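Structure at a glance
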Amino acid sequence: MEKFTLVLSLILPILSVAMAQRKFVEVHNAYRAKESAKNMQEMTWVGAIKRNAYKVAKKCVWEHSSSDDRKITWRGQTTPTVVGENLMYTTGNQKLNVTKVLDLWYREKKDYNFRDNSCQDGKVCGHYKQVVWADSTKLGCSSVNCEPFYEIKNGAKVVKKPSATFVVCQYGPAGNIKGKKPYKKGKPCTACPMGTSCGQNDPVELCSVQMTKKQLLLDFLYQIQDMEEDSSDGV
């Protein structure tokens, strides 16, 4: 019985992290599939990006990290890539609701004009654009309960909220490139990048990388390794 309890105590944190990771990926891809995009690519989870997001979240400060702090590498890469970043918080230590987080960012679409790639005066559209940025295919998110939660005012760190749940998502490679639209509008899957195609995964409207059985096995093993490393940091 003691051995079973020990095994359970080791497995449960990993399963909890895995479920949260899967939810972040599923909801991001569901919103990306809503766009009438020729070249929208599927997002996949990368542990290295999640761990970088956690470094930002654990500071419990309401500000974006610097571009230097967002230069990272992940498996298959040899040079650092700058990742994009979305932030949000809820007051109090509320249970993480991934769908509500993504809905908050996606709602910015109503203020975005795709035709001239502009945002309504006084509004923010960058979170929405990053969520649906076609070429941002790697994702990592982290949430931390902060007591207190800070912000920067006049160069000083001051308390913003007594407690808050702080969510940080990072995206590789970064979106929101000046002068570029987030995706190519048109019939889904008609302009998938080389090496990708649609219909293999769900949602079927997204271009996804086609992997061999060996590549799928290696990817699965990488994901297991990521989950083990991430379980020590929480979601």
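Scroll up a little and you will see the structure.
Describing the packing of aromatic side chains
- Under the defined criterion, the tally for this structure stands at 11 aromatic pairs.
- Taking the centre distance of 4.5 Å and the plane angle of 35 degrees together, the rings of Tyr31 and Tyr106 count as tilted. In this pair, Tyr31 sits in helix 1 (residues 2–34) while Tyr106 sits in helix 3 (residues 98–106), placing the two residues 75 residues apart along the sequence.
- Judged by relative accessible area, Tyr31 falls into the buried class, the value being 9%.
- Looking at Tyr106, the relative accessible area reads 12%, which means it is buried.

A word on the sheet that holds strand 4 (residues 84–91)
- Across the sheet, which stays open at both edges, the four strands sit in the order 1-7-10-4 with mixed pairing between neighbours. In this open sheet, the two edge strands, each paired with only one partner strand, are strand 1 (44–45) and strand 4.
- Both strand 1 and strand 7 (residues 138–146) contribute to a ladder of two bridges, which runs parallel. Residue Trp45 lies in a different strand from strand 7, and its bridge partner there is Leu139.

So, helix 3
- Within helix 3, burial applies to Val98, Val101, Leu102, Trp105 and Tyr106. Looking down the long axis of helix 3, one finds its buried residues gathered within 130 degrees of arc, a one-sided arrangement.
- Where helix 3 begins, the capping side chain belongs to Asn97, and its oxygen is found 3.2 Å from the backbone nitrogen of Thr99.

Quick notes on the state of the cysteines
- All chains considered together, the criterion is met by five disulfides.
- Here Cys60 connects covalently by a disulfide to Cys146, the sulfurs 2.1 Å from one another. Since a negative S-S torsion denotes a left-handed disulfide, the Cys60-Cys146 link at about -85 degrees is left-handed. Within this pair, whereas Cys60 is found in the loop between helix 2 (47–57) and strand 2 (71–72), its partner Cys146 is found in strand 7, the two being separated by 86 residues in sequence.

Points about the nonpolar core
- Membership of the largest hydrophobic core comes to 29 residues, with the highest contact counts inside it found for Phe24, Leu102, Trp105, Leu139 and Tyr183.
- Broken down by secondary-structure element, the contributors of at least two residues to this core are helix 1, helix 3, helix 4 (126–131), strand 7 and strand 10 (164–172).
- Grouped together as the second largest cluster of nonpolar side chains are 12 residues, Ala53, Cys60, Val144 and Ala164 included.

Comments concerning the side chain of His28
- Tracing the chain through its elements places His28 in helix 1.
- Classification of His28 by relative accessible area gives buried; the value is 0%.
- Among the polar contacts listed, one links the side chain of His28 to the backbone oxygen of Phe24, at a separation of 2.9 Å.
- With sequence-adjacent residues up to four places away left out, His28 is seen in contact with Met43, Leu102, Trp105, Val131, Leu139, Cys141, Cys169 and Tyr171.

Notes on the layout of surface pockets
- In this structure, the second largest pocket spans a volume of roughly 200 Å³.
- Together, 13 residues line the second largest pocket, and Met88, Thr90, Gln94, Asn97 and Lys100 are the ones closest to its centre.
- If you list the elements that add at least two residues to the lining of the second largest pocket, you get strand 4, helix 3 and strand 10.
- When residues in the lining of the second largest pocket are grouped by element, the largest group, four residues, is from helix 3.
- Here the lining of the second largest pocket is composed, by residue class, of five nonpolar, four polar and four charged.

Rules behind the numbers
- Residues numbered from 1 in each chain as written.
- Predicted model: local features only at pLDDT ≥ 70, side-chain atom pairs only at ≥ 80, totals over all residues.
- Heavy atoms only, no water.
- Phe/Tyr/Trp six-rings, centres within 6.5 Å; stacked < 30°, edge-to-face > 60°.
- Helix = DSSP H or I, 4+ residues; strand = E, 2+ residues; numbered from the N terminus.
- Buried < 20%, exposed > 50% of the residue type's maximum accessible area, 1.4 Å probe, protein only.
- Pairing = 2+ DSSP bridges.
- Arc of directions from axis to C-beta.
- Polar contact = N/O pair within 3.5 Å; in protein donor to acceptor, adjacent residues only side chain to side chain.
- Disulfide = S-S within 2.5 Å.
- Core = buried A, V, L, I, M, F, W, Y, C linked by side-chain atoms within 4.5 Å.
- Contact = heavy atoms within 4.5 Å.
- 1 Å grid on protein atoms, 1.4 Å probe; cavity = no way out; pocket = protein on both sides within 12 Å on 5 of 7 lines; lining within 4 Å.
- Points joined across faces, edges and corners; volume = space filled by probe spheres on them.
- Nonpolar A, V, L, I, M, F, W, Y, C, P; charged D, E, K, R; others polar.

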